[in-house]
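# A look at the structure
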Amino acid sequence: MKQMLIITDGCSNVGMSPIVAAAHAKSEGITVNVVGVVDQGDLGEYGASEIHEIARAGGGLSRLVETKELAQTVQMMTRKTVVQTIQLAVQRELQAVLGNDSIEALPPEKRGEVVQVMDELTESSSLQVALLIDASASMKPKLASVEESIHDLMLSLQAREGKSEIAVFHFPGSKQEDCVLDLDWTTHLKGVHSIFPKLHMSGTTPTGPAMMKVIEYFVQHNDSKRRSEMEGMLGDDVV
Amino acid sequence: MLGEGANGKVYLVSKGWQSYALKMGVSSIDLQSEINALKALSGDDSSRGSYLMDVDDWITPQGKEVPFYTMRYVKGLNMANYIAQHGADWFPLLGLNLLRSLGELHRERWIFGDLKLENIIVGEYGEVDLIDFGGATPFGKGVKQFTEIYDRGYWNEGSRSADAAYDLFSFGVLCLQVFAPRKLAQLSKELLPQTRSAEQLIELAREIPQLAPYRKWLEQAFDGGFSHGKEAASAWRAITHQRKPTVKNTATPRWLKVMIAISIVSLCITASLYALDYTGLLR
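Structural notes, computed from the coordinates.

Criteria and cut-off values
- Residues numbered from 1 in each chain as written.
- Chains lettered and ligands numbered in written order.
- Predicted model: local features only at pLDDT ≥ 70, side-chain atom pairs only at ≥ 80, totals over all residues.
- Heavy atoms only, no water.
- Contact = heavy atoms within 4.5 Å.
- Buried area = accessible area lost by both parts, 1.4 Å probe.
- Salt bridge = Lys/Arg side-chain N within 4 Å of Asp/Glu carboxyl O.
- Polar contact = N/O pair within 3.5 Å; in protein donor to acceptor, adjacent residues only side chain to side chain.
- Helix = DSSP H or I, 4+ residues; strand = E, 2+ residues; numbered from the N terminus.
- Nonpolar A, V, L, I, M, F, W, Y, C, P; charged D, E, K, R; others polar.
- Pairing = 2+ DSSP bridges.
- Phe/Tyr/Trp six-rings, centres within 6.5 Å; stacked < 30°, edge-to-face > 60°.
- Buried < 20%, exposed > 50% of the residue type's maximum accessible area, 1.4 Å probe, protein only.
- Lys NZ or Arg CZ within 6 Å of the ring centre and 35° of its normal.

This paragraph deals with the interface of chain B and chain A. Listed as interface residues are 19 residues of chain B and, on the opposing side, 22 residues of chain A. Buried area between chain B and chain A, both sides added, is near 1,800 Å², and the carbon and sulfur share of it is 54%. The interface formed by chain B and chain A holds three salt bridges in total. Note that Arg56(A) is salt-bridged to Glu124(B), the shortest N-O span being 2.8 Å. Here chain B is connected to chain A by seven residue pairs in polar contact (both at pLDDT 80 or more). Contributing elements (two or more residues each) for the side of chain B that touches chain A: helix H3 (91-107) and helix H8 (229-240) of chain B. Of the residues forming the side of chain B that touches chain A, the biggest block, five residues, is contributed by H3(B). Within the side of chain B that touches chain A, the residues separate by chemical class into six nonpolar, six polar and seven charged.

Below, the structure is given as structure tokens:
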């Protein structure tokens, strides 16, 4: 399962629309969640609706929260999305087999079995979460809380049975880059003290282009993984 | 009424809360071949779920039998309107989603046949659905229902027998239709039947800035270079996820433009000096 989680406090203002980028993510099987941090209520109506739209296009959830609720929200959204993804997959299977997509349509005892399988999958499926952090100037005072919430997320992901990895990006980069990778795929944060070293805060918010970069990263990562698996298989055949 | 196809009329009907599209045919044979196509496409492992709901005949008060079937109703805009309303930013994604749908059909060894703007419905966030399966044809059979300007045969680029490349050619024309409908119409009007060729289409594609990243891809599609929708989709995807999303970054730097301008000017000066010198010598 693949997820992208965006933490931002404002509207995108450069490049391609983040809503289009979110739809791209969805078509690549990546669910997009968005958290809007609203401490001084500085997001505005437009920003709030953009956050909502990004999540809708990306098949995920959106929340507007205060900094102190960030850790709790990030952790909760990730978990909820896992459940939702499993539910959707199971519903699609039911639709294909029974021509009916609601679990309620099953007889009670069957329903129990299906739900059990769903719980199992929720716990054991492998999960990748890419966090995309808005590091524009106004986010500066909030970055400590963002970092804390990433540590907290890792903690609850480690408690899962299945393999869980996270990667962390921030945007914009210092030299006109749309986004920068801070932390490559990892299953633990041991020895990582500061995820964001010294950031050059900039005024622009290229949310859309940054999201496209993260999608690219997902795509390349998966393609190369598949390729190395294939090579492994071929190698075995030759030997 | 939702629309009128070549084989009949389509109405919006509802059962409880759910809406469906109902198509009434004129000839039961034509309609039945469409139904067969839909049946083949609503196979077990198709991600589209079941397309076809019900098939029956309706006997009019005059005693005439009218065949009809009901299918899933898809709400949305046609592709051209969608891009006009939401912006060309969406185009790469719509293209990819459409190619993936075609790839699914090709996997079942069917082609869509009558691919055109009017037969594509785009949902709220760029989800693409194909409608009107009147042109759907199994691999190797002749395509019966098509639209001239999208047709490979019309452009003298191959037969009308169904293969994946037929759909992909139509897809190429569709890209032109999205961004330059007038020029495309004019092109097909001006050219004589025997002079129509993919060359003209490729040339038109070159004039459209939004298609610039996909130029190579289009050339290949017009050339019959893709043998499967899936292959075409992954080539399209590779382009979409590699290029810079903003055109601004890739523009020529200003200093380079200045240098080019200077060199052109100096070239002109030298050339004219030479010319003067030459004519002077003649006299």
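Following the structure, the description resumes.
Here the focus is the pairing of strand S4 (residues 52-59) of chain B. Residues and elements named next belong to chain B. Note: S4 against strand S5 (residues 65-72), seven bridges, orientation antiparallel. Its bridge partner being in S5, Asp 57 is matched across the sheet by Pro 67. As consecutive antiparallel partners, S4 and S5 are separated by five residues, and within that stretch Gly 63 has a phi angle of approximately 90°, a positive value.

On to the packing of aromatic side chains, then. All chains considered together, the criterion is met by 15 aromatic pairs over all chains. Between Trp185(A) and Tyr217(A), the aromatic rings sit 5.9 Å apart at their centres with planes inclined by 25°, giving stacked as the arrangement. With Trp185(A) in strand S6 (residues 180-186) and Tyr217(A) in helix H6 (residues 207-238), the pair connects residues that are 32 residues apart, well separated along the chain. Relative accessible area serves as the criterion here: at 11%, Trp185(A) is assigned to the buried category. Over the face of the ring belonging to Tyr154(B) we find Arg196(B), whose NZ or CZ atom lies 3.7 Å from the ring centre.

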